[in-house]
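# Geometric and topological summary
These are the residues of each chain, in order.
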Amino acid sequence: MSTRTEGRPEEDTPGTARRVCLAAVTAALSLGLMGACGGGERSDAKEAGSEAPATPRASSTGASSTGASSSAPSSSAPSSAAPVLAATPRPDLTGIGASGGKALTQGELDRAILADGDVPGFRSGPMDAPPPRGENADRSECLPLTAVLNGKPEPLGKAVAYRQLVGPDNDRPAVSEFLTTHGVQDASTLLNRLRAAVTACADGFTASGGDGPSTYTGVKRLSTVKAGDDALAYQLTGDFEGDPVPLVFHLVRVGGTVATFYTANFENGATPLMPAALLAAQATKLT
């Protein structure tokens, strides 16, 4: 975690509380994933708050209480997590043919990535591509984790599309996505390297570059959503001045294409929930 800050949390009006950005999570900031840094916990929120770093450009509010779908294939959240968000993909979604191993073009990725209405209640918006410079883990076995933080999972994709998604509850939950095409072998290698990194770096690691040195206190596997040909979910916990900041990543592979979804909690250290319907819908659009 880098330590750039604009102040401590502060609230505006009840029900629309906003939070001043506390920290930049390595290249997640570079991606725009933390661009809004809004969305403090609402005064009427009873569940654990989570804050995905940015919303579509049309929105000025942040996120809290990311929820997994109770209707999608399986929840990605631990059983102790907050109540889940009920959402299901639109039933008439059609796939673009990536399941056969087809290497999607940039145009095909742009058509396949989630759009308004693919999951009712969720809106989508653009997200800027990352700048060239990001952070690198100081241990080689942890480099796959910082590559994802940089928005550039390795092996690098031949094409990539970025998106931000916000839910129906005052722009909550908020999730950021990047969709990358690799070919089946490289896409499988990507997930396998991440699995190895999650195990090897379970006790945490440090990273340098970007906005400054960062400390990650732990990495752990999370249960996955049953979608696509392969899936992986994990939590990377950052440290900001002694406060834990959980970052949750869910990856779904369909053929040679990988969808990476990201959300975070800057409020209370609880594991943020990922709406499973988003992953299911994206897998369907790629199949």
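Residues numbered from 1 in each chain as written. Predicted model: local features only at pLDDT ≥ 70, side-chain atom pairs only at ≥ 80, totals over all residues. Heavy atoms only, no water.

### Concerning the overall build of the protein
Operational definition: A run of H or I in DSSP becomes a helix once it reaches four residues, and a run of E becomes a strand once it reaches two; helices and strands are each numbered from the N terminus. Think of it in three bands: residues with accessible area under 20% of the maximum for their type are buried, residues over 50% are exposed, and the middle band is partly exposed, with areas taken using a 1.4 Å probe on protein chains only. The contact definition used throughout considers only heavy atoms, calling two residues in contact when any of these lie within 4.5 Å. For the accessible areas, the method is Shrake-Rupley and the probe is 1.4 Å, while residue cover comes only from the protein chains on display.
Helix and strand counts for the protein come out as five helices and nine strands. Of the regular secondary structure in the protein, the N- to C-terminal order runs α-α-β-β-α-β-β-α-β-β-β-β-β-α. Of all 287 residues assigned to the protein, the portion counted as buried reaches 56%. Taking as baseline every contact in the protein between residues at least 6 positions apart, the subset at least 24 positions apart corresponds to 65%. Accessible surface computed for the protein: about 10,800 Å², of which carbon and sulfur atoms make up 49%.

### Some words on the packing of aromatic side chains
For any pair of aromatic rings, the description rests on two quantities: the centre-to-centre distance and the angle between the ring planes. Rule in force here: Between the rings of Phe, Tyr and Trp (Trp by its six-membered ring), a pair exists once the centres lie within 6.5 Å; its type follows the angle of the planes, with under 30 degrees stacked, over 60 edge-to-face, and the other angles tilted.
Here the structure, examined in full by the defined rule, presents four aromatic pairs. With 6.0 Å between their ring centres and 50 degrees between their planes, Tyr162 and Phe178 make a pair best called tilted. With Tyr162 in strand E3 (residues 159–166) and Phe178 in strand E4 (residues 174–181), this pair connects stretches of sequence that are 16 residues apart. Under the relative-accessibility criterion, Tyr162 is labelled buried at 12%. Linked through ring pairs, Tyr234, Phe249 and Tyr262 together constitute an aromatic cluster.

### Examining the state of the cysteines
The condition is simple: When two cysteine sulfur atoms lie within 2.5 Å, the pair is treated as a disulfide.
The tally for this structure, following the rule as stated, stands at one disulfide. The side chain of Cys142 participates in a disulfide bridge whose partner is Cys201; the two sulfur atoms lie 2.0 Å from each other. Taking the torsion about the S-S bond as the criterion, the Cys142 to Cys201 disulfide, at about -115 degrees, is left-handed. Taken as a pair, Cys142 in the loop between strand E2 (135–137) and helix H3 (143–149) and Cys201 in the loop between helix H4 (184–200) and strand E5 (205–209) lie far apart in primary sequence, 59 residues in all. Considered together, Cys142 and Cys201 belong to a single accessibility category, that of buried residues.

### Regarding the pairing of E5
Keep this limit in mind: Being paired, for any two strands, means DSSP has found at least two bridges between them.
Here E2 runs beside E5; their pairing, made up of three bridges, is antiparallel. In the sheet register, Asn136 faces E5, and the bridge partner there is Ser208.

### Some points on the pairing of strand E6 (residues 214–221)
Bridge count for E5 against E6 is three bridges, and the pairing is antiparallel. Residue pairing across strands places Phe205 opposite Tyr216, the latter belonging to E6. Where E5 hands over to E6, the hairpin turn is made up of four residues, of which Gly210 adopts a positive phi near 60 degrees. Looking at chain direction, E6 and strand E7 (residues 230–240) are connected through five bridges and run antiparallel. Looking at the pairing, Gly218 lines up with Thr237 of E7.

### Some details on the side chain of Thr146
As a reminder of what qualifies: Polar contacts, as counted here, are pairs of nitrogen or oxygen atoms within 3.5 Å of one another; within protein the pair requires one atom able to donate a hydrogen and one able to accept it, and residues that are adjacent in sequence qualify only if both atoms are side-chain atoms.
Examined against the element boundaries, Thr146 turns out to sit in helix H3. Here Leu143 takes part through its backbone oxygen, which lies 3.1 Å from a polar atom of the side chain of Thr146. Those residues in contact with Thr146, other than ones at most four positions away along the chain, are Glu135, Asn136, Ala137, Phe205 and Ala207.

### Observations regarding the pattern of salt bridges
As a reminder, the rule being used: Within this document, salt bridges are pairs made up of a side-chain nitrogen of Lys or Arg and a carboxyl oxygen of Asp or Glu, the two lying within 4 Å of each other.
Applying the stated criterion to the full structure yields five salt bridges. A salt bridge links Glu108 to Lys102, with the nearest nitrogen and oxygen atoms 2.5 Å apart. The class of Lys102 is partly exposed, set by a relative accessible area of 36%. Asp230 serves as the salt-bridge partner of Arg195, at 2.6 Å between the closest nitrogen and oxygen. Taken together, the residues Arg195 in helix H4 and Asp230 in strand E7 connect sequence positions 35 residues apart.

### A closer look at the environment of Thr105
Within the element layout of this structure, Thr105 appears in the loop between helix H1 (26–31) and helix H2 (106–112). Spatially, the C-alpha atom of Thr105 lies 6.6 Å from that of Ala159, the residues being 54 residues apart in sequence.

### Looking at the sheet that holds strand E9 (residues 257–264)
Going by this rule: A fitted line through C-alpha atoms serves as each axis, taken over the contacting stretch for helices, and the angle formed by two N-to-C directions is quoted from 0 to 180°.
Sheet architecture is open: nine strands sit in the order E1-E3-E4-E9-E8-E7-E6-E5-E2, paired in antiparallel fashion. Of all the strands in the sheet, just strand E1 (123–126) and E2 have a single pairing partner and so form its edges. Taking each pair of neighbouring strands and ignoring which way they run, the sheet shows an average axis angle of 30 degrees. Pairing geometry for E4 and E9, over six bridges, is antiparallel. For Phe178, the partnering residue across the bridge sits in E9 and is Thr260. Most of the contacts of H4 go to E7, to which it runs at about 45 degrees, and overall it touches E6, E7, strand E8 (243–254) and E9.

### Describing the nonpolar core
Worth spelling out the cut-off: Note on terminology: a nonpolar core comprises buried Ala, Val, Leu, Ile, Met, Phe, Trp, Tyr and Cys residues joined through side-chain atoms within 4.5 Å.
Counting residues in each nonpolar core, the largest one holds 31 residues, and the members touching the most others are Leu145, Phe205, Tyr234, Leu247 and Phe249. Only H3, H4, E5, E6, E7, E8 and E9 provide two or more residues apiece to this core. In terms of residues, this core owes the most to one element, H4, which gives six residues.

Interpretation in functional terms is not warranted from these geometric data alone.
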